[in-house]
Structure formats: structure tokens, C-alpha cells
Amino acid sequence: GAGVSQSPSNKVTEKGKDVELRCDPISGHTALYWYRQSLGQGLEFLIYFQGNSAPDKSGLPSDRFSAERTGGSVSTLTIQRTQQEDSAVYLCASSFQGLTEAFFGQGTRLTVV
Amino acid sequence: QQQVKQSPQSLIVQKGGISIINCAYENTAFDYFPWYQQFPGKGPALLIAIRPDVSEKKEGRFTISFNKSAKQFSLHIMDSQPGDSATYFCAASDITDSWGKFQFGAGTQVVVTP
């Protein structure tokens, strides 16, 4: 596609429910990154994919968070048993082989009530 | 611990004025320093970036100044316009790790008054 696409754009969920956030990177971009932006905060790195492999998961805040990427394209970030502190904007970015500038999607605003 | 420190948190500038945002980093392995601009409800968009082999880079009204010895870099917005009102984030990465794996500053909200 022309840009990084994320869905849904907004998600409201009840505490304790699981959620899945989707990222469709720019076509041909093999590197994909997930970030979290909490209200009034900067962007926090979560996980990085090169192809379908995740060489760096160091930013995932707990074992409730996981991510996968299939076919070297779409990625899904899953948050299990959501908590109110998980409320944030989740941003995805992609880069050509991780060797060029990264382009961000619009983000998914997650609200846990 | 925050590896990239950004200041000020917010600034107000008159139309036509100069906006200056500063960042300092700790990790000497960082070798790629972009600035991202973010409007409400949108994702960050790359504005301008610099590598440490140059001390300054200019693109239109936007200039990055880079001081490797001080581990500092700054963004200057010349002739600020109301359309520049946004949040600006500095970032840093080690491209031998991955270009897009950034440490971000906390952001600066810029308001340009007419």
C-alpha cells in the first residue's frame, strides 16, 4: 500500500479482555516496529521484526504482550487480559530492510475501561 | 532511564519567529538522529534527519544542528508558521542495530500564534 495502515483506528475494551491490533506495512518493507505512546508521553519501543523474525522484543512490557508477523507483511500485536495502564496509542512503523528511514502509521488508540 | 532528553516541553512562538528545540543523548553508539512532527490524531511524520558526519543539515525552513562532542542536537524552525503548530519528537538510533529502533525524546508541543 501507499503507507503504513493500522486497524482499528480506535478500540475500546473492557479490562481483562484480549485485544488484537493490526499493522499492514508499506509494500516491500521488511522491517516493522511497534511503539506505544501513552498520554503526554514520548514513544516507547516495543518490538522489532525483520521479516517474520523478531530479533528484538526487549520493549514488550509484560508477558501479556505478544506480536507476530506472517508472510513478511502484516503484523498483529496482541494484548491479553488488558489493564487500564495499557490504554495508549499503539503505533506501527516500517522501513526497507531496517536500512532506511521509518514511516509510521496513524496508530490505534486503545482505551481500556 | 531516558536515553534521549528533550527540551523544552512546550513553547509558544509568534508567526515569523524562530522555534528551537534541543535534545541530548547518552549512548555514543547512536548514529542516526531524526526529528518527527506529529499532529493530533496522526502518526509521527519524518521531518528531517542527520548523521554524525555533518554538523548541520538544512531543509527549507528546518535546520538540524549537531554537536557530537557534546552529544546534543537541535531543531531550528525558521519563519515559524501557524501550520507548524504540532508536537515535535527527536529520536536516535544505532543503525548497526536497526535504523527504525528509536529512543525518542519526550516531545515538544509547539504553538505558533498568528
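Residues numbered from 1 in each chain as written. Chains lettered and ligands numbered in written order. Predicted model: local features only at pLDDT ≥ 70, side-chain atom pairs only at ≥ 80, totals over all residues. Heavy atoms only, no water.

A.B. asks: Looking at this structure, I do not really get the overall build of chain B. What am I missing?
C.D. replies: Along its length, chain B carries zero helices and eleven strands. Put simply, chain B runs from its N terminus to its C terminus through helices and strands in the order β-β-β-β-β-β-β-β-β-β-β. Over its C-alpha trace chain B gives a radius of gyration of 13 Å, about what one expects of a compact globule, namely 13 Å for 114 residues. Projected onto the principal axes, the alpha-carbon positions of chain B cover approximately 45 × 30 × 20 Å. Within chain B, residue pairs in contact and separated by at least 24 positions form 54% of the contacts whose partners lie at least 6 positions apart. Carbon and sulfur atoms make up 48% of the accessible area of chain B, which amounts to about 5500 Å² in all. Computing the positive centroid from 10 side-chain charges and the negative centroid from 9, chain B places the two 4 Å apart. (Helix = DSSP H or I, 4+ residues; strand = E, 2+ residues; numbered from the N terminus. Rg over C-alpha atoms; globule rule 2.2 N^0.38 Å. Contact = heavy atoms within 4.5 Å. Areas by Shrake-Rupley, 256 points an atom, 1.4 Å probe, with all protein chains shown as cover. Lys, Arg positive; Asp, Glu negative; His and termini not counted. Charge placed at Lys NZ, Arg CZ, Asp CG, Glu CD.)

A.B. asks: Is there a simple way to think about the state of the cysteines in this case?
C.D. replies: Any covalent bond linking the sulfur atoms of two cysteines counts as a disulfide. Enumeration over the complete set of coordinates arrives at two disulfides over all chains. Disulfide pairing places Cys23 of chain A opposite Cys92 of chain A at an S-S distance of 1.8 Å. Taking the sign of the S-S torsion, about -65° here, the bridge from Cys23 of chain A to Cys92 of chain A comes out left-handed. Of this pair, Cys23 of chain A sits in strand S3 (residues 19-24) while Cys92 of chain A sits in strand S9 (residues 88-95), and the two are 69 residues apart along the sequence. In this model, Cys23 of chain B is linked to Cys90 of chain B through a disulfide, with the two sulfur atoms separated by 1.8 Å. Around the S-S axis, the bridge from Cys23 of chain B to Cys90 of chain B shows a dihedral of about -95° and counts as left-handed. One end of the pair, Cys23 of chain B, is in strand S3 (residues 19-25); the other, Cys90 of chain B, is in strand S9 (residues 86-92), and 67 residues separate them in sequence. Like Cys90 of chain B, Cys23 of chain B is buried. (Disulfide = S-S within 2.5 Å. Buried < 20%, exposed > 50% of the residue type's maximum accessible area, 1.4 Å probe, protein only.)

Honestly, it's all geometry; don't read function into it.
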